Amino acid sequence: MASDSGDRNPTLKRCLAVLREARNDSEQFAALLLVTKAVRAGEVDAKTRRQIFDAIGFTFPNRLLTSRQTPVGCPEHTFQALGLTLLACFCTDPELAGHSQILNKIPTFNDILVSPCNPDSMSMIDDVYQCLSAVMATVRGSRELVTKGTVSALCQAYVNCSYGSDRALTLLLGLLAIAEAKCWQRDAPHLLAVLSKLSDDFLKAEDMTKFELCEVLPRFIPLSPPLTQDSQGSECLHKLYKGLANILGSKLSQSQRDPALKLAGCLVQACGSEWIPAGSAGSKFLALLVNLACVEVRLTLEEPDPLEVEGKKEVVTACYVLIEMGIQECLREEKPLLEEVQKMQLMKIMEEAFGAVIFYLRQVKQEELQDPFIFASVRILGAWMAEETSSLKQEICELLPFLVHYAKKLFKEGSPAASLPQPELVSTEGSGVPQDALRFLLPGFCHLTAEDRPRDILISEGAPALLSEYFLYQWEVLTSKPASLTLLTNTEMSLQTACGIFLNLVVTAPDLIRRDKTFSSLMDMLLKSLPLLLPQKDHLVLAANIATLGLMMARILASSAGKKSSHWQSCALLSAWLGWRKQTQEKRVQFLSLEK
């Protein structure tokens, strides 16, 4: 139980009584000096601090802060320092820290941080940091700090190595964790200046500071705007590349390698492979990154200890980002960073890593399905399945029931867990479904439905019905005309890939189309969607996919639905398609005549 320090300390008790009964500024100031001494000595508990506020209020500290007078023989900012000490005292109460009278002092706090520092003003700066830390912990605090310019002030304090700059960096990290997009939107030049200093320190450091900075730097690497678009940002990236090359080319302990891999993963997530220079040194570094990532994945997942995996999820997720970059670079034909020999070596190494991912996923229990690390693992496996169709075929076939069940669960229920950064070189903003696993599995499923054994497994696990529901959902998203271009693009790509899967089933499993009512419902949906798509020139490829799928399904359904019904369906699809073609031809003729 907290002691009542106000009752135990007779001097403090008398001071509080004087504060309440003060008739003029002199009496109040004398009592405040004694109170301030007690506060600085840590002799008061929360209850007594509240009593001090009740006795003083905000009026007198406000006057002290704005006073330009200085008592004879006292330092220049005596009154302001006393006012700040009182506010810092009040801010220890969370309710007072979020009070409008504290929030409207934020510009004053900012001014003090960027003012020249001398020994007499150090206590003021300490009090300012205490106030800002307390404000940031309140509900409105972070928003108020960002909108009132604190990010800029903190950046200047850190870049100038002002007194308390380490606390400025801590506050910046907190604000970026809460409101990264708004911080970069309002204060990009100042944050870039901090990143420039951090990257410079990172490159020059030759001790453990280098690894400590690996933990700090990811917070200052924005996803938008890309650093590669800015000369200062590009210079920072080059320093980070050189610093990481120095680290990863050396013999490291686990505690040193993990933060370096996480920093590399963050850079890839923000900039792809653009921060890695072309040439021999760059290609060796890229190959080393992917190699190290694959080794880390294998070490963690091949013999998974639950406690060990739990502590390594963040670094393994970063490794997934690096491996996905490896996949993309191995497939890259135009201006490749990797040589052919390196590509072949990496594909073999990545195959072994994906063997470990599959092994891990086969151990997953039902109660673990909401874990975002499971989603990250499924997602990266989907990236591999989309590009590499010949390796690990047996293992993937054995995992297919789990993948279908997992995708179905997330699609039906949604997944509230999203604490880990998802490994994606493009934004994870996707198809509107929380943790949309199906979007990442569709390309792999498209390849697999062209082969007998995996197709049979997918059919037996109910994948066609799931894909039909998913197709309908994505169509609803598309027709709602989402404002986000990324969401629109991802949705259309999912619909096109789903059409590819259904076309594979139409060609290879016509009996399934005849007997499964899923495809009758899908046919109805295609008939309704095509006329809506055709007038929209931005969806030509999707319209062609839907028309082709519909016509092929109508031919197969003829034997089960009756020739009259099938004839009507085919005519409806052809009529819509030919009508669109006629409009297109007419516009093309008009355009050519205008050219003449």
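Placed above this text is the structure.
Because the structure is predicted, anything quoted here is derived from the model rather than measured.

What counts and what doesn't
- Residues numbered from 1 in each chain as written.
- Predicted model: local features only at pLDDT ≥ 70, side-chain atom pairs only at ≥ 80, totals over all residues.
- Heavy atoms only, no water.
- Helix = DSSP H or I, 4+ residues; strand = E, 2+ residues; numbered from the N terminus.
- Buried < 20%, exposed > 50% of the residue type's maximum accessible area, 1.4 Å probe, protein only.
- Contact = heavy atoms within 4.5 Å.
- Areas by Shrake-Rupley, 256 points an atom, 1.4 Å probe, with all protein chains shown as cover.
- Phe/Tyr/Trp six-rings, centres within 6.5 Å; stacked < 30°, edge-to-face > 60°.
- Lys NZ or Arg CZ within 6 Å of the ring centre and 35° of its normal.
- Expected span 1.5 Å × (residues − 1).

A.B. asks: How would you explain the overall build of the protein if you had to name every residue and give the values?
C.D. replies: Of regular secondary structure, the protein possesses 29 helices and zero strands. Here the protein, with 596 residues, has 52% of them falling under the buried criterion. Here the contacts in the protein between residues at least 6 apart in sequence split such that 73% fall between residues at least 24 apart. When the accessible area of the protein is evaluated, it comes to approximately 28400 Å², of which 54% is carbon and sulfur surface.

A.B. asks: How would you sum up the packing of aromatic side chains? Please name residues and give values.
C.D. replies: Counted according to the given criterion, the structure contains twelve aromatic pairs. Ring centres 5.9 Å apart and planes at 85° place the aromatic pair Phe-411 and Tyr-473 in the edge-to-face group. Taken together, the positions of Phe-411 in helix α21 (residues 393-413) and Tyr-473 in helix α24 (residues 463-479) put the pair 62 residues apart, joining distant regions of the chain. Judged by its relative accessible area of 16%, Phe-411 falls in the buried class. Given a relative accessible area of 28%, Tyr-473 falls into the partly exposed group. Members of the aromatic cluster, connected to one another through ring pairs, are Tyr-241, Trp-275 and Phe-285. The cationic tip of Lys-210 hangs over the ring face of Phe-202; the distance from NZ or CZ to the ring centre is 5.1 Å.

A.B. asks: Before we move on, can you summarise helix α10 (residues 122-136) with the specific residues and values?
C.D. replies: The terminal C-alpha atoms of α10, which comprises 15 residues, lie 21 Å apart, in line with the 21 Å expected from a rise of 1.5 Å per residue. All of the buried residues in α10 are Met-124, Ile-125, Asp-127, Val-128, Tyr-129, Cys-131, Leu-132, Ala-134, Val-135 and Met-136.

A.B. asks: Could you give me a rundown of helix α12 (residues 150-159), with the residues and numbers involved?
C.D. replies: Among the ten residues that make up α12, eight are buried, leaving the element largely enclosed by the rest of the structure. Close packing links the buried residues of α12 with α9 (106-114), α10, α11 (141-147) and α13 (165-204). Cys-161, located one to two residues past α12, shows a positive phi value of around 55°.

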